[in-house]
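Structural description and commentary
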Amino acid sequence: MSEKTQTIDYYNANFEDFISGTLNLDFSSTQDRFLSLLPAGAKILDFGCGSGRDSLYFKKHGFQVTATDGCLNMCRAASETTGLTVRHMLFCELDESGAYDGIWACASILHMPELQLHDVFQKMKKALKSGGIIYTSFKYGTFRGIRNGRYFCDFTRENMLEFLKMHPDLSIVEMWQTGDIRTDHRNEQWLNMLLRLK
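What comes next concerns the included structure.

Remarks on the sheet that holds strand S2 (residues 64-69)
Taken in spatial order, the seven strands line up as S3-S2-S1-S4-S5-S9-S8 in an open sheet, and their pairing is mixed. Two strands close off the open sheet at either side, each with one partner strand: strand S3 (87-88) and strand S8 (170-179). Here strand S4 (residues 100-105) pairs with strand S5 (residues 128-139) via five bridges, running parallel. Paired with Tyr-100 across the strands is Leu-128, a residue of S5. Packed onto the sheet, helix H2 (residues 28-35) meets strand S1 (43-47), S4, S5, S8 and strand S9 (189-197) and runs at close to 155° relative to S4. The strands touched by helix H5 (residues 114-127) are S1, S4, S5, S8 and S9; relative to S5, the strand with the most contacts, the crossing angle is about 145°.

Below you can see the structure in the form of structure tokens.
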């Protein structure tokens, strides 16, 4: 079984627990940081939308949201939550040009090995309009591999700066570290980034 298949199978089997643990968390401080960089009514791709929490927030604030997820059960649940038709799509299947003002990849593309992650960054950049914004987040650390049934590609600040050298057409707007907002994950740290396409 490939790492990708194992991760998707995990979410298909555990989507209800994942949704109950994330849907009602207040993530507005980070969401608002992202939205403040976008024009009113901007087009946003929620890339790996999970429970649909963030898509719903963006929709309620007047933004045009396209939501995708690689887990079919998650797509169905997020569609019900948001009233959007969530597209069942793997990250590697993104194939759009200049379509979005912003791409929100919150705790999603961290499930890809680094080599594939470079390819997905290229696809995200292609899908953005000039000057578009990417928000993404990774667990903080150096671990690479299967953890708790899913593949993870962790990053430190230093490792991410090295990774981004391969993407000189992205400028760092902000990079910051946070604790996990889930009460049962308080010991976990996250690396957050806002990037702008030059």
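After that view of the structure, there is still more to cover.
Comments concerning the pattern of salt bridges
Inspection of the entire model under this criterion finds 10 salt bridges. For Arg-53, the salt bridge is made with Asp-54, and the minimal N-O distance between the two is 2.8 Å. Of the two residues, Arg-53 and Asp-54, neither departs from the other in class, the shared state being buried. As a salt-bridge pair, Glu-96 and Arg-87 come within 3.7 Å of each other at their nearest N and O atoms. Residue Glu-96 is classed as partly exposed on the basis of its relative accessible area, which comes to 22%. Since its relative accessible area comes to 36%, Arg-87 is described here as partly exposed.

Some details on the packing of H2 against helix H3 (residues 53-60)
Interhelical geometry of H2 versus H3 gives an angle of 55° and a closest axis separation of 11 Å. When the axis of H2 is compared with that of H3, the two are oblique. Where H2 crosses over H3, the two elements pack in a sense that is right-handed. Every residue of H3 that contacts H2 at Ser-28, Gln-31, Asp-32, Phe-34 and Leu-35 is listed here: Arg-53, Asp-54, Tyr-57 and Phe-58. Of the residues contributing to the contact of H2 with H3, the split by class is four nonpolar, two polar and three charged.

Some details on the pairing of S1
Counting buried residues along S1, four of its five residues qualify, which places the element largely inside the surrounding structure. Handedness of the β-α-β unit built from S1, H3 and S2 comes out right-handed. As defined by bridge partners, S1 adjoins S4 across three bridges and the pair is classed as parallel. For Asp-46, the partnering residue across the bridge sits in S4 and is Trp-104.

Looking at the pairing of strand S6 (residues 144-147)
Where a strand is regular, its side chains alternate between the two sheet faces. Pairing geometry for S6 and strand S7 (residues 150-153), over four bridges, is antiparallel. Within S7, the position partnered with Arg-144 by the bridge is Cys-153. Hairpin remark: S6 followed by S7, antiparallel, with two residues in the connecting loop; positive phi at Asn-148, about 55°.

With respect to the side chain of Thr-68
Its location among the elements puts Thr-68 in strand S2. With residues near it in sequence (within four places) discarded, Thr-68 still touches Leu-45, Asp-46, Phe-47, Gly-48, Cys-49, Val-86, Arg-87 and Met-89.

Let's talk about the nonpolar core
Ranked by size, the top nonpolar core spans 34 residues in total, and within it Phe-47, Ile-103, Ile-109, Phe-121, Met-124 and Met-160 carry the most contacts. When residues of this core are traced back to their parent elements, those giving at least two are S1, S4, H5, S5, S7, helix H6 (157-164), S8 and S9. Excluding anything up to four places from it in sequence, Phe-47 contacts Thr-68, Met-89, Phe-91, Leu-94, Ile-103, Trp-104, Ala-105, Ser-108, Ile-109, Val-120 and Met-124. In this structure, Ala-42, Ile-44, Tyr-57 and Leu-194 belong to the second largest nonpolar core, which totals 17 residues.

Brief notes about the environment of Met-74
Relative to the helices and strands, Met-74 is located in helix H4 (residues 72-82). With a relative accessible area of 1%, Met-74 lands in the buried category. Linking Met-74 and Leu-84, residues 10 residues apart in sequence, is a C-alpha distance of 13 Å. With near-sequence residues (within four places) excluded, Met-74 lies in contact with Tyr-11, Phe-15, Phe-18, Ile-19, Gly-50, Ser-51 and Asp-69.

Rules of the game
- Residues numbered from 1 in each chain as written.
- Predicted model: local features only at pLDDT ≥ 70, side-chain atom pairs only at ≥ 80, totals over all residues.
- Heavy atoms only, no water.
- Pairing = 2+ DSSP bridges.
- Helix = DSSP H or I, 4+ residues; strand = E, 2+ residues; numbered from the N terminus.
- Contact = heavy atoms within 4.5 Å.
- Axes fitted to C-alpha atoms, helices over the stretch in contact; angles between N-to-C directions.
- Salt bridge = Lys/Arg side-chain N within 4 Å of Asp/Glu carboxyl O.
- Buried < 20%, exposed > 50% of the residue type's maximum accessible area, 1.4 Å probe, protein only.
- Parallel < 35°, antiparallel > 145°, perpendicular 65-115°, else oblique.
- Left-handed = near helix turned anticlockwise from the far one by under 90°.
- Nonpolar A, V, L, I, M, F, W, Y, C, P; charged D, E, K, R; others polar.
- Right-handed = clockwise from strand over helix to strand, strands pointing away.
- Core = buried A, V, L, I, M, F, W, Y, C linked by side-chain atoms within 4.5 Å.

These results come straight from atomic positions and should not be treated as a statement about function.
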